[in-house]
Amino acid sequence: MKSFSHKRPVSPWLTFGLLVVVTVVYSGFSLALAGQGENALGSHPLIFLLNTLPVFLCLLLLWLATGQAWIASLVTGAVLFLLTGGNYFKILFRDDPLLWDDLRRIREGLKMSGQYEVSLTPLMILWIVVIVAVTVLLFFLGKGRPKLPVRLVSLGAAAVVLVVCFWKVFPNDLLYTRMAGETSKNQTQAYMTCGVVYPFLHSMEGNTEGYDEAAGKAIMDRYQDADIPQDKKVSIISMQMEAFADFSQYNIDGLSPEVYRDFHDLQEQSYSGTLVTDIFAGGTAETEWAVITGGNKHGDFLEKTDSVAWYLRDQGYVANGSHPCRDWFYDRKHANPNLGLEDYLFTDNYYNRYTQDDVVYDNVYFPDLEERLTEYFDTNDAPLFSFNVTYQGHGPYETEFTYWGNSYCTGDYPTEVDNALNNYFYSIQDTSHYLKEFTQYLNSREEPVVLVLFGDHKPWMGNQGAYYETLGINLDTSTEEGFRNYYETWYMIWANDSAKETLGNDFQGQGPDLSPCFLMNEVFGLCGWEGSAYMQAQREVAQALPVLHTTGWVMENGALTQTPSAAAQALMDQFQNVSAYDRNRYS
């Protein structure tokens, strides 16, 4: 009797062919999920190629390096699934795509995901099944691999192609804009149009694309830091208010006038205006960093980076601050010292005395701040720069029930919307109450103090802004109305009586629309200070183009436009050169 041995296929060409099929399948799933209802999968053949080529190269490199096709399939499939799924849920919850920089914030993302309802879609479940099935199939049928010399040559060739793509193809802004087409002005829509892999790799390009160091240095060399006159030094307390937005400007059915009463009273006592932030429903640190650095593009702050805090420290100020949350969010523990903020307080090193949780809210935060300021003013002669970020107001907002009743918004809304609105508006009313008390405290002090208040972004209101739609608020960012509704918050610059007398300014009136990067320049102008060399260099741009948005919108001659004039574009380029030079001059 003859015995037959069933040998597994070992042809490298068969394995290669199977990997090509796997590439198309994995890329197809990724593109299908990328659009979230949009047709990213078949929007353009080149988009398919730009998303599929990196997947193929990853599979190929892992196969050639390990000699095991099933390992290449499992690793590539898992990474691509996590990338696509992460992007899907980030857009769903925050209307913000997954960018390369988010890799540094995985811990924050995992922490925040626990506050949202994350459930796999049927397509995601099917994809997981396919990944497992394909990996098993390749384990049995994908045993073939080239001989070692061929593997090494092929590995080198694939690596060269990958390097060229990373160097020339993925960073190409003109190509990306052409692929995004009409959606190119909206980061999220452009991302959904272009897939996941390609826009994710495009986001690696960094914040110095097109940076002309010589041009930035030439402009900065015209200026020198100006000293603040000794008799004009006042303490500055800056406070970024988490997700605090003024919904009274909309016709919200049933919104109680009590919700914003204290807030509006404070506006009347302040120099106030509209802040046009670069973010929506998340990304708090982007506004925070724009204010303190005076730039709208940021690095990782792993090295000393110029900021308002460093300038004020050189002028004899003490610079510190607080955020009643964990120090690893946005890596503030390492970023803040490099931005000149010493002795910064977090839950980890201070607020844990008040709570066993990650955060404290305004009922603890503001009384504690007053106590610390009293101690500081009673024991120090140096003026203070205190840069603070609150937490109360952070979404999502409970939809199953209300914590404090439903009298804050009595309109006829679906139950989950009604509950979320009442929980949010209570938070606003409560914060406004503490802000009013805080200004009363500062007015009781003899020390001159200027208080800078601003909202960081619009709040989360349902997945993909669903509650905004219920409220009839237009979020179409291709229109000026929708753009403003999406990105606008507010700022207030308030001074106690002592500061008004010291600086000869009543700090009242209507201020211009501003990008966050120009806010501190506005504060310095009200104080009558020239400021640092960088602030002087950016002032011409701030006065001519007070809103410079990262999506391309700009305020020119008092009007928002997506098509700036040649003169405006030159000023924008000048600003980015000066900003990048200033951001990198210590490195």
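We now turn to the structure provided with this report.

Thresholds, definitions, all that
Each chain has its residues counted from 1, following the order in which its sequence is written. pLDDT decides what is reported in this predicted model: residues at 70 or higher carry local features, side-chain atom pairs at 80 or more are listed and counted, and totals for whole chains, interfaces and linings draw on all residues regardless. Here the side-chain values reflect all heavy atoms present in the structure, with hydrogen atoms and water set aside. To define axes, lines are fitted to C-alpha atoms, for helices over the stretch in contact only, and angles between the resulting N-to-C directions are given on a 0 to 180 degree scale. Strands here are runs of E lasting at least two residues and helices are runs of H or I lasting at least four, both read from the DSSP assignment and numbered beginning at the N terminus. Small angles under 35 degrees read as roughly parallel and large ones over 145 as roughly antiparallel, with 65 to 115 read as roughly perpendicular and the rest as oblique. With the far helix as reference, a near helix turned anticlockwise by less than a right angle produces a left-handed crossing, and one turned clockwise produces a right-handed crossing. Should any heavy atoms of two residues lie within 4.5 Å, those residues are counted as being in contact. When residue character is reported, Ala, Val, Leu, Ile, Met, Phe, Trp, Tyr, Cys and Pro are called nonpolar, Asp, Glu, Lys and Arg charged, and the others, Gly included, polar. Here, a salt bridge means any side-chain nitrogen of Lys or Arg that lies within 4 Å of a carboxyl oxygen of Asp or Glu. When accessible area is computed with a 1.4 Å probe and restricted to protein chains, residues below 20% of their type maximum are described as buried, those above 50% as exposed, and intermediate ones as partly exposed. Classification of ring pairs rests on two measures: the distance between centres of Phe, Tyr or Trp rings, Trp counted by its six-membered ring, which must be within 6.5 Å, and the angle between planes, read as stacked under 30 degrees, edge-to-face over 60 and tilted in between. For a ring to carry a charge above it, either NZ of a lysine or CZ of an arginine must fall within 6 Å of the ring centroid while also lying within 35 degrees of the normal to the ring plane. Remark: nonpolar core denotes a set of buried residues (Ala, Val, Leu, Ile, Met, Phe, Trp, Tyr, Cys) joined through side-chain atoms within 4.5 Å. Strand pairing is assigned whenever DSSP detects at least two bridges linking the two strands.

**Observations regarding the packing of helix H15 (residues 362-379) against helix H16 (residues 415-443)**
At a minimum axis separation of 10 Å, H15 and H16 run at an interaxial angle of 15°. On the basis of the axis angle, H15 is roughly parallel to H16. For the element pair H15 and H16, the recorded crossing hand is right-handed. The residues of H16 that touch H15, namely those facing Asp-362, Asn-363, Phe-366, Leu-369, Glu-370, Leu-373, Thr-374 and Phe-377, are Thr-431, Tyr-434, Leu-435, Glu-437, Phe-438, Tyr-441 and Leu-442. Broken down by class, the residue content of the contact of H15 with H16 amounts to nine nonpolar, three polar and three charged.

**Some words on the packing of helix H11 (residues 261-268) against H16**
Interaxial distance between H11 and H16 falls to 8 Å at its minimum, and their mutual angle equals 35°. In this structure, H11 meets H16 at a crossing whose hand is left-handed. Of the residues in H16, those touching H11 at Asp-262, Phe-263, Asp-265 and Leu-266 are Ser-432, His-433, Leu-435, Lys-436 and Thr-439.

**Considerations on the pattern of salt bridges**
This model, assessed by the stated rule, comprises 16 salt bridges. Its salt-bridge partner being Arg-445, residue Glu-447 comes within 3.0 Å of it at the nearest N-O pair. Judged by its relative accessible area of 16%, Arg-445 falls in the buried class. The salt bridge partner of Asp-513 is Arg-484, with a shortest N-O separation of 3.0 Å. One end of the pair, Asp-513, is in the loop between strand S8 (509-510) and helix H20 (519-527); the other, Arg-484, is in helix H18 (residues 480-487), and 29 residues separate them in sequence. As far as the burial class goes, Asp-513 and Arg-484 line up, both buried. It is possible to trace a salt-bridge network through shared partners that takes in Glu-480, Arg-484, Glu-488 and Asp-513.

**A closer look at unusual backbone geometry**
For the peptide bond that leads from Gly-395 to Pro-396, omega is 0°, which places it in the cis range. Here Pro-396 is to be found in the loop between strand S5 (384-389) and H16. One non-glycine residue, Tyr-330, adopts positive backbone phi at about 55°. Tracing the chain through its elements places Tyr-330 in the loop between strand S3 (318-322) and helix H14 (332-338). A residue is classified by how much of its surface remains accessible, and Tyr-330, at 16% relative accessible area, is buried. Its identity as a non-glycine residue notwithstanding, Asn-557 has a phi of 55°, on the positive side. With respect to the element layout, Asn-557 can be found in the loop between strand S9 (554-556) and strand S10 (559-561). Residue classification places Asn-557 among the exposed residues on the basis of a relative accessible area of 74%.

**Re the packing of aromatic side chains**
Aromatic ring pairs are described here by two measures, namely the spacing of the ring centres and the angle between the planes. Scanning the entire structure with this criterion turns up 51 aromatic pairs. Centre to centre, the rings of Phe-483 and Trp-553 are 4.7 Å apart; their planes meet at 20°, and the pair counts as stacked. With a gap of 70 residues between them, Phe-483 in helix H18 and Trp-553 in the loop between helix H21 (533-544) and S9 connect regions that are remote in the sequence. Just as Phe-483 is buried, Trp-553 falls in that class too. Geometry around Phe-139 places Lys-143 over its ring, the cationic atom sitting 4.2 Å from the centre. Its guanidinium or amino end placed over the ring of Trp-167, Lys-168 lies 4.7 Å from that ring's centre, counting from NZ or CZ.

**Some words on the nonpolar core**
Leu-312, Phe-385, Val-450, Phe-524 and Trp-529 are the most contacted members of the largest nonpolar core, which has 67 residues in total. Contacts of Phe-524, omitting those with residues within four sequence positions, involve Ile-236, Val-308, Tyr-311, Leu-312, Trp-529, Gly-531 and Met-535.

**Remarks on the sheet that holds strand S7 (residues 491-495)**
Read from one edge to the other, the open sheet built from eight strands follows the order S4-S3-S5-S1-S6-S7-S2-S8, with strand pairing classed as mixed. The sheet is open, and its two edges are formed by strand S4 (344-345) and S8, each paired on a single side. Inspection of the sheet shows strand S1 (residues 235-241) paired to S5 by five bridges, in the parallel sense. Bridged to Ile-237 within S5 is Ser-386. Packed onto the sheet, H11 meets strand S2 (271-273), strand S6 (449-455) and S7 and runs at close to 60° relative to S7. Where helix H12 (residues 284-293) meets the sheet, it contacts S1, S5 and S6, and its direction lies at approximately 165° from that of S5.

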